[in-house]
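Below, each chain spelled out in residue letters.
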Amino acid sequence: MSDQIETEVRRAVGGLIGIGAENVTLDEALVGPAARLKSRDLIMLVLDIEEFLLREYNAEFNWFDGGDAATVQSRLRTVGSLVDFVRQRAATGNVVPSPG
């Protein structure tokens with residue numbers, strides 16, 4: 001599971017900043033002065049990750065569950081912190097009932 005998640009996050013970030021996923025490090029900043037993502041790109045990344053979790057793990061969640069805006073920002077601090085958060089949510093996120 002974790003390799004798939006890390007690969008997906010790196011792919012999504014790389015696509016948004018115009019580099020190959022293999023060149024995206026876990027230390028890549030997503031917010032703050034060192035971030036190469038623009039605010040619009042960050043929103044696209046969040047939506048992409050939500051779709052990935054729903055598609056691959058049938059899980060959805062609210063980014064603000066269990067925290068305030070500062071907590072959300074810490075989840076989005078780096079590629080590594082986002083990968084860790086997504087791994088946790090894939091394992092424990094709210095499961096969406098299967099259609100039908």
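Description of the structure in this document. (Residues numbered from 1 in each chain as written. Predicted model: local features only at pLDDT ≥ 70, side-chain atom pairs only at ≥ 80, totals over all residues. Heavy atoms only, no water.)

**Considerations on helix H2 (residues 39-57)**
In this model H2 runs 27 Å from its N-terminal to its C-terminal C-alpha over 19 residues, within 8% of the 27 Å that 1.5 Å per residue would give. Taken together, the buried positions of H2 are occupied by Asp41, Leu42, Leu45, Val46, Ile49, Phe52, Leu53 and Tyr57. Down the axis of H2, the smallest arc covering the buried residues is 145 degrees, so these residues share one side. Residues of H2 that are exposed and point more than 90 degrees away from the buried face comprise Arg40, Ile43, Glu51 and Arg55. (Helix = DSSP H or I, 4+ residues; strand = E, 2+ residues; numbered from the N terminus. Expected span 1.5 Å × (residues − 1). Buried < 20%, exposed > 50% of the residue type's maximum accessible area, 1.4 Å probe, protein only. Arc of directions from axis to C-beta.)

**A word on the packing of H2 against helix H4 (residues 79-92)**
It is the contact of H2 with H4, at a shortest axis distance of 11 Å, that shows an interaxial angle of 30 degrees. Between H2 and H4, the interaxial angle falls into the category roughly parallel. At the point where H2 passes H4, the crossing takes the right-handed sense. Note on element contacts: H4 touches H2 through Leu82, Val86, Arg89 and Ala90, opposite Leu45, Ile49, Leu53 and Tyr57. In the contact of H2 with H4, the residues fall into 7 nonpolar, no polar and 1 charged. (Axes fitted to C-alpha atoms, helices over the stretch in contact; angles between N-to-C directions. Parallel < 35°, antiparallel > 145°, perpendicular 65-115°, else oblique. Left-handed = near helix turned anticlockwise from the far one by under 90°. Contact = heavy atoms within 4.5 Å. Nonpolar A, V, L, I, M, F, W, Y, C, P; charged D, E, K, R; others polar.)

**Thoughts on the pattern of salt bridges**
Per the counting criterion, the structure on display carries 7 salt bridges. Across the pair arginine 87 and aspartate 84 runs a salt bridge, and its minimum N-O distance is 3.7 Å. A residue pair is termed a helical-turn pair when its members lie 3 or 4 positions apart in one helix, as arginine 87 and aspartate 84 do in helix H4 at 3 residues. Judged by relative accessible area, arginine 87 falls into the partly exposed class, the value being 25%. (Salt bridge = Lys/Arg side-chain N within 4 Å of Asp/Glu carboxyl O.)

**Some thoughts on the environment of valine 31**
Along the chain, valine 31 turns up in the loop between helix H1 (2-17) and H2. Judged by relative accessible area, valine 31 falls into the partly exposed class, the value being 22%.

**Overview of the packing of aromatic side chains**
The tally for this structure, following the rule as stated, stands at 1 aromatic pair. A centroid spacing of 5.8 Å and a plane angle of 75 degrees characterise the contact between phenylalanine 52 and tyrosine 57, whose relative ring orientation is edge-to-face. Of the two residues, phenylalanine 52 and tyrosine 57, both sit in the buried class. (Phe/Tyr/Trp six-rings, centres within 6.5 Å; stacked < 30°, edge-to-face > 60°.)

**Brief notes about the nonpolar core**
Ile5, Val9, Val13, Leu30, Leu45 and Leu82 are the most contacted members of the largest nonpolar core, which has 22 residues in total. For this core, the secondary-structure elements that each account for two or more residues are H1, H2 and H4. Counting residues per element, this core draws most heavily on H2, which supplies 7 residues. Not counting chain neighbours up to four residues away, the residues in contact with leucine 30 comprise Val13, Ala35, Leu37, Leu42, Leu45, Leu76, Arg77, Thr78, Val79 and Leu82. (Core = buried A, V, L, I, M, F, W, Y, C linked by side-chain atoms within 4.5 Å.)

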